[in-house]
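Here is how the chains run, residue by residue.
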Amino acid sequence: MTGLPLSGITVVSVEQAVAAPFATRQLADLGARVIKVERPGGGDFARRYDTTVHGQSSYFVWLNRSKESVTLDLKSPSGRDVLEELLGRADVFVQNLAPGAAARLGLDAEFLTRRHASLIPCTISGYGTTGPWAGRKAYDLLVQCQTGLVSLTGTAEETARTGVSVADIAAGMYAYSGILTALYTRATTGVARAVEVSLFEALAEWMSQPAHYTRHGGTQPPRIGTQHATIAPYGAFTAADGKQVLLSVQNEREWAALCEHFLARPELVEDPRFATGPDRVTHRDELDAIVAERFGRSGSGEVMRLLDEAGIANAGVNDVREFLDHPVLADRNRWQQVAVPGGARVPALRPPVDLAGVDPRMEPVPAVGEHTEKVLAELGLTAARIARLRADGVT
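Our subject in this report is the structure included herewith.

## Looking at unusual backbone geometry
Trans is the common state for peptide bonds, and a negative phi is the common state for residues other than glycine. Cis geometry is found at the peptide bond from A232 to P233, where omega equals -5°. Along the chain, the position of P233 falls in the loop between α9 (208–217) and β7 (234–238). A positive phi angle, close to 65°, is found at A17, a residue other than glycine. If you trace the backbone, A17 turns up in the loop between β1 (10–14) and α1 (19–29). Looking at A17, the relative accessible area reads 16%, which means it is buried. Phi is positive for A264, which is not a glycine, with a value near 60°. Tracing the backbone through its elements, the reader meets A264 in the loop between α10 (252–262) and α11 (277–282). Among the residues examined, A264 registers a relative accessible area of 58% and is labelled exposed.

## A closer look at helix α8 (residues 199–206)
Residues three or four positions apart in an α-helix share a direction because the helix packs 3.6 residues into each turn. Every buried residue of α8 is listed here: L199, A202 and L203. All buried residues of α8 project into a common sector of 90° when viewed along the axis, lining one side. Of the surrounding secondary structure, the elements contacted by the buried residues of α8 are α1, β5 (120–125), α6 (140–146), α7 (166–189) and β6 (195–198).

## Observations concerning the sheet that holds strand β2 (residues 33–38)
Here 6 strands make up an open sheet; going across it, the order is β3-β2-β1-β4-β5-β6 and the pairing parallel. With one partner strand each, in any of the chains shown, β3 (67–71) and β6 form the two edges of the open sheet. This sheet shows a mean twist of 20° between the axes of neighbouring strands, independent of strand direction. When strand β4 (residues 92–95) meets β5, the two strands line up parallel, connected through 4 bridges. In the sheet register, Q95 faces β5, and the bridge partner there is T123. Strand contacts of α8: β5 and β6, with the helix running at about 70° to β6, the strand carrying the most contacts.

## With respect to the packing of aromatic side chains
In total, this model carries 10 aromatic pairs according to the counting rule given. Centre to centre, the rings of F45 and Y49 are 6.1 Å apart; their planes meet at 50°, and the pair counts as tilted. The interplanar angle of 85° and the centroid separation of 4.9 Å between the aromatic rings of Y127 and W133 together place this pair among those described as edge-to-face. Its relative accessible area of 10% is what places Y127 among the buried residues. By relative accessible area, W133 is classed as partly exposed at 30%. Aromatic rings pair up to connect F22, F45, Y49, Y59 and W62 into one cluster.

## Some thoughts on the sheet that holds strand β9 (residues 313–316)
One open sheet accounts for 3 strands, arranged β7-β8-β9; its pairing is antiparallel. Unpaired on one side and paired on the other, β7 and β9 mark the two borders of the sheet. Averaged over all pairs of adjacent strands, the angle between strand axes in this sheet comes to 25°, irrespective of strand direction. Relative to β9, strand β8 (residues 244–248) runs antiparallel, the two being bridged by 4 bridges. For S248, the partnering residue across the bridge sits in β9 and is A313. Contacts from helix α12 (residues 284–295) reach β7 and β8 within the one sheet, and its direction differs from that of β7 by about 40°.

## Details of the packing of α1 against α7
The N-to-C vectors of α1 and α7 enclose an angle of 45°; their axes lie 7 Å apart at closest approach. Of the possible angle classes, the one that applies to α1 and α7 is oblique. For the element pair α1 and α7, the recorded crossing hand is right-handed. For the pair formed by α1 and α7, the contact residues are A19, F22, A23, Q26 and L27 on the first element and D168, I169, A171, G172, M173, A175, Y176, I179 and L180 on the second. Residue classes in the contact of α1 with α7 are distributed as 11 nonpolar, 2 polar and 1 charged.

## What about the nonpolar core?
V11, V94 and I124 are the most contacted members of the largest nonpolar core, which totals 36 residues. Contributions of two or more residues to this core are made by α1, β4, β5, α7, β6 and α8. Examining the composition of this core, we find that 9 residues originate from one element, α7, more than from any other. With residues up to four places along the chain from it excluded, the contact list for V11 reads T24, L27, A32, R33, V34, I35, V92 and V94.

## Here we look at the pattern of salt bridges
Summed over the entire model, instances satisfying the criterion amount to 29 salt bridges. Note that R186 is salt-bridged to D91, the shortest N-O span being 2.9 Å. With R186 in helix α7 and D91 in the loop between α3 (77–88) and β4, the pair connects residues that are 95 residues apart, well separated along the chain. No difference in accessibility class separates R186 from D91, as the two residues are buried.

## A short note on the environment of G343
Structurally, the position occupied by G343 is in the loop between β10 (335–339) and β11 (345–349). Put simply, G343 and H54 are 289 residues apart on the chain and 9.3 Å apart in space, counted from C-alpha to C-alpha.

Rules of the game
Residues numbered from 1 in each chain as written. Predicted model: local features only at pLDDT ≥ 70, side-chain atom pairs only at ≥ 80, totals over all residues. Heavy atoms only, no water. Helix = DSSP H or I, 4+ residues; strand = E, 2+ residues; numbered from the N terminus. Buried < 20%, exposed > 50% of the residue type's maximum accessible area, 1.4 Å probe, protein only. Arc of directions from axis to C-beta. Contact = heavy atoms within 4.5 Å. Pairing = 2+ DSSP bridges. Axes fitted to C-alpha atoms, helices over the stretch in contact; angles between N-to-C directions. Phe/Tyr/Trp six-rings, centres within 6.5 Å; stacked < 30°, edge-to-face > 60°. Parallel < 35°, antiparallel > 145°, perpendicular 65-115°, else oblique. Left-handed = near helix turned anticlockwise from the far one by under 90°. Nonpolar A, V, L, I, M, F, W, Y, C, P; charged D, E, K, R; others polar. Core = buried A, V, L, I, M, F, W, Y, C linked by side-chain atoms within 4.5 Å. Salt bridge = Lys/Arg side-chain N within 4 Å of Asp/Glu carboxyl O.

The values reported here are purely geometric and, on their own, carry no functional implication.
Printed below as a string of structure tokens:
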């Protein structure tokens, strides 16, 4: 196996919640040294979102493996001095502080690029660092609402939030790719460029298809649960054993195969109500009734077998427990053990991108401030100075 691609890169992160920790965890997966700066005492507030993983937060365990935790009071001059020393040795600085906090602490990108010419600062905000909403707080569901995503999610009767933190995840992914691009740019040109991502604009990119549909079609896509706004039949139907199976017909060849091999009604292929994709969407209710009746005559296993034989894409509508036991994850060895504070080891998913010949780093999730003394000693601080910082509540 070869060395990790980001070995030798040091990332300092003043991070909390989901977006920034997701970006930096992916850098850590590839070998970057990530020094996570947390508040003395409680640390990242995501540590207390829940206590389900051997007393640790499920969010924190997901997002913070392979990092080093250092506690610093950044509002104190001494804490700020230590951070300055860390930044002098870092390649990347990531922060997703509350609006205005970075500027008050002297951690905004403009200040840092003047002070550290080779440092790549990455700012993750809610609505951008400029503009009318720069000072507004933003959490994941708020951004789902502001981008219109919630208006597309759920049933005709009721909207729903997306079940995972998609705005945070989107922003974290774009921050990660932006940082990789900035590292490449610095390596090839010698210029360190700042990276900025907002939750709102990250999720806005994901809303581009419904935006085009609405702008040019006059109405937004309807909210129809597990069905598809512009394709039919596409959705979950209930089999005779009560389990739901989702099927998707994408083209005329698949439509003909569904009619002939699953529905056993070849005459429907030429039925003018269902002749084209738009026709099938227009007559969705009639079509869904036909499909639902056929589902109701077979158990879910038989339904999926017949759909497979017909070449129709399908999937059982799994709950989370069924997902955990998914044969793809098991057969492809996607679960790997990671230690959490307290000594327990828990299964965690390997990163989804496989680099040939490279094993990702999946080291323990740190306790609050676990690496403070080690990192400060590396900076050259004496044991006496570290003890004074600890006594003064700076670390």
